[in-house]
Amino acid sequence: MKRNYWLSVFLVGSLVACKLGGKKDEAVPSASSTSAASAASSVVSPSEAPKGDAFAQQTTWIRTFAEAFNKHDADAIARGYAMENSPKWGEYKSLFTEAPDAKISITRSWHMRDVVLVEFVQGGTHETAGKKPYGYVGASLLWFNPAGLVTQEAIYSDELTMDIQIGRAKPPASKVDVRPLRAVPPYTSTWEQHRAKGTPEEAKLLDVRERLYAKLTASAEKDFLGLMTDDVELYAYDEPQDAKGKKAIAEIFNGWKVMFSDIKVEAENSWACEDFAIFEGTFSGRHTGPWGPIKATKKEFSNHFVDVTRINKDGKVDRMWTFSNNAELMDQLVGDKK
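So, here's what we can say about the structure. (Residues numbered from 1 in each chain as written. Predicted model: local features only at pLDDT ≥ 70, side-chain atom pairs only at ≥ 80, totals over all residues. Heavy atoms only, no water.)

### Here's the deal with helix 9 (residues 326-334)
Turning to step 1, where the next piece is worked out: Among the residues of helix 9, Asn326, Ala327, Glu328, Leu329, Met330 and Leu333 are the ones counted as buried.
Turning to step 2, where the next piece is worked out: As for helix 9, its buried residues are in contact with helix 5 (159-165), strand 10 (260-273), strand 11 (276-287), strand 12 (300-311) and strand 13 (317-324).
Turning to step 3, where the next piece is worked out: Two or three places before alanine 327, at the start of helix 9, stands the capping residue asparagine 325, its side-chain oxygen 3.1 Å from that residue's backbone nitrogen.
Turning to step 4, where the next piece is worked out: Looking one or two residues past helix 9, glycine 335 carries a phi angle of roughly 90°, positive in sign. (Buried < 20%, exposed > 50% of the residue type's maximum accessible area, 1.4 Å probe, protein only. Helix = DSSP H or I, 4+ residues; strand = E, 2+ residues; numbered from the N terminus. Contact = heavy atoms within 4.5 Å. Polar contact = N/O pair within 3.5 Å; in protein donor to acceptor, adjacent residues only side chain to side chain.)

Set out below in structure tokens:
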């Protein structure tokens, strides 16, 4: 399920992986951050950021997008994309009509040279679905060119969460447990930022994350949990709630074992950034157990995701954030139930 527009994900919860150019309410945990004060706070063209300073250009782009989004300025949004990949301005205007109070707030960003992962909270009132409110957490991978314009993007958010919040989902999908409406915090011009250093120590973090994936099998629960701290926390936004501590993580792990067999995780892209390992890839297997009201279908599936893993100085995982789309999984198992 890949669609060639970014805007519908922000406004109507559309899809797990959205790529342009043919390529590719819980508290937000804190971590060390890098100041974003060097970039202007007004809505300006990304080209006005300091030349040669990719971090400043990217920061200005994110700020420009968010402020333009909150003003419902489709023209300003479209100018942030390379010409050949610019979304249709009219689509933004149409979607702002569907959700006239739509707002967005940026909570984190991870900067890896020309690639940036942005975490956001987006919500509003969906006029075409009975004027019901919605709100969710999502993430967007952005690829930048030297001019500070976006040439590719991949957006990850749980469309099923929004469909259920606004009453658009149909049975049995509508009976699946999802997160409650997430309020959009007030937008601020600064947020938590992390910047890759490109050191060998950073690169080693990817090895830890790879080992964690390798232990994601039915017979490796002890080894899987052994790579985590006792107070580990998981913020999986396609799950109905957060998991804090090894016991809670084990319950989710055992739930996966019931629902799925032949589990396989493959990374399409990976980056290291400060204390974080970031993976974009697929989670695949066979649906062999109940998923809430969805009985085992015995069907094979492949679901896209991006996740962020924070690793401490002892090489243990202490925080995880996962962004995926259960609507993609639902479509493969039981068909479109919107």
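### A few points about the nonpolar core
Grouped burial of nonpolar side chains is what soluble globular proteins tend to show.
Turning to step 1, where the next piece is worked out: In terms of nonpolar packing, the biggest core is built from 40 residues, with Leu160, Phe224, Met228, Ile249, Trp291, Val317 and Met320 touching the most fellow members.
Turning to step 2, where the next piece is worked out: Of all hydrophobic cores here, the second largest spans 29 residues; its members include Trp61, Tyr92, Val116 and Met162. (Core = buried A, V, L, I, M, F, W, Y, C linked by side-chain atoms within 4.5 Å.)

### What to know about the sheet that holds strand 12
Backbone hydrogen bonds are what pair the strands of a sheet, in a parallel or an antiparallel way.
Turning to step 1, where the next piece is worked out: In space, the six strands of this open sheet follow the order 9-8-13-12-11-10, with mixed pairing throughout. Of all the strands in the sheet, just strand 9 (243-244) and strand 10 have a single pairing partner and so form its edges.
Turning to step 2, where the next piece is worked out: Packing of helix 6 (residues 200-214) onto the sheet brings it into contact with strand 8 (228-236), strand 10, strand 11, strand 12 and strand 13, and relative to strand 11 it is tilted by some 15°.
Turning to step 3, where the next piece is worked out: Packed onto the sheet, helix 9 meets strand 10, strand 11, strand 12 and strand 13 and runs at close to 160° relative to strand 12. (Pairing = 2+ DSSP bridges. Axes fitted to C-alpha atoms, helices over the stretch in contact; angles between N-to-C directions.)

### Points about the side chain of asparagine 70
Turning to step 1, where the next piece is worked out: With respect to the element layout, asparagine 70 can be found in helix 2 (residues 54-71).
Turning to step 2, where the next piece is worked out: Residue asparagine 70 is classed as buried on the basis of its relative accessible area of 16%.
Turning to step 3, where the next piece is worked out: At a separation of 2.8 Å, a polar atom in the side chain of asparagine 70 contacts the main-chain amide nitrogen of isoleucine 104.
Turning to step 4, where the next piece is worked out: Ignoring sequence-local partners within four residues, the contact set of asparagine 70 consists of Ala102, Lys103, Ile104 and Tyr187.

### Concerning the environment of alanine 250
Turning to step 1, where the next piece is worked out: Among the secondary structure elements, alanine 250 is positioned in helix 8 (residues 246-259).
Turning to step 2, where the next piece is worked out: Along the backbone, alanine 250 and phenylalanine 224 are 26 residues apart, and their C-alpha atoms lie at a distance of 9.1 Å.
Turning to step 3, where the next piece is worked out: Contacts of alanine 250, omitting those with residues within four sequence positions, involve Glu221 and Leu225.

### Focus: the sheet that holds strand 5 (residues 132-144)
Turning to step 1, where the next piece is worked out: Spatial ordering of the open sheet is given by 6-5-4-3-7, a layout of five strands whose pairing is mixed. This sheet does not close on itself; its edge strands, each paired only once, are strand 6 (150-156) and strand 7 (192-195). Across the sheet, the axes of successive neighbouring strands diverge by a mean angle of 25°, strand direction being ignored.
Turning to step 2, where the next piece is worked out: Sheet analysis places strand 5 next to strand 6, joined by six bridges and oriented antiparallel. Across the sheet, the residue bridging to tryptophan 143 is glutamine 152, located in strand 6.
Turning to step 3, where the next piece is worked out: Contacts from helix 2 reach strand 3 (103-112), strand 4 (115-126), strand 5, strand 6 and strand 7, with the element oriented near 165° to strand 3.

### Quick look at the packing of aromatic side chains
Turning to step 1, where the next piece is worked out: If you walk through the whole model with that rule in mind, you get 19 aromatic pairs.
Turning to step 2, where the next piece is worked out: On the basis of an interplanar angle of 80° and a centroid distance of 5.3 Å, the ring pair of phenylalanine 69 and phenylalanine 96 is categorised as edge-to-face. With phenylalanine 69 in helix 2 and phenylalanine 96 in helix 4 (residues 89-98), the pair connects residues that are 27 residues apart, well separated along the chain.
Turning to step 3, where the next piece is worked out: Using a relative accessible area of 0% as the deciding quantity, one classes phenylalanine 69 as buried.
Turning to step 4, where the next piece is worked out: Taking relative accessible area as the criterion, phenylalanine 96 reaches 5% and is therefore assigned buried.
Turning to step 5, where the next piece is worked out: Ring plane angle 80° and centroid distance 5.0 Å describe the contact between tyrosine 213 and phenylalanine 279, whose orientation is recorded as edge-to-face. In this pair, tyrosine 213 is assigned in helix 6 and phenylalanine 279 in strand 11, connecting sequence segments 66 residues apart.
Turning to step 6, where the next piece is worked out: A relative accessible area of 0% places phenylalanine 279 in the buried class.
Turning to step 7, where the next piece is worked out: Joined through ring pairs, the aromatic side chains of Trp61, Phe65, Phe69, Tyr81, Phe96 and Phe144 make up one cluster. (Phe/Tyr/Trp six-rings, centres within 6.5 Å; stacked < 30°, edge-to-face > 60°.)

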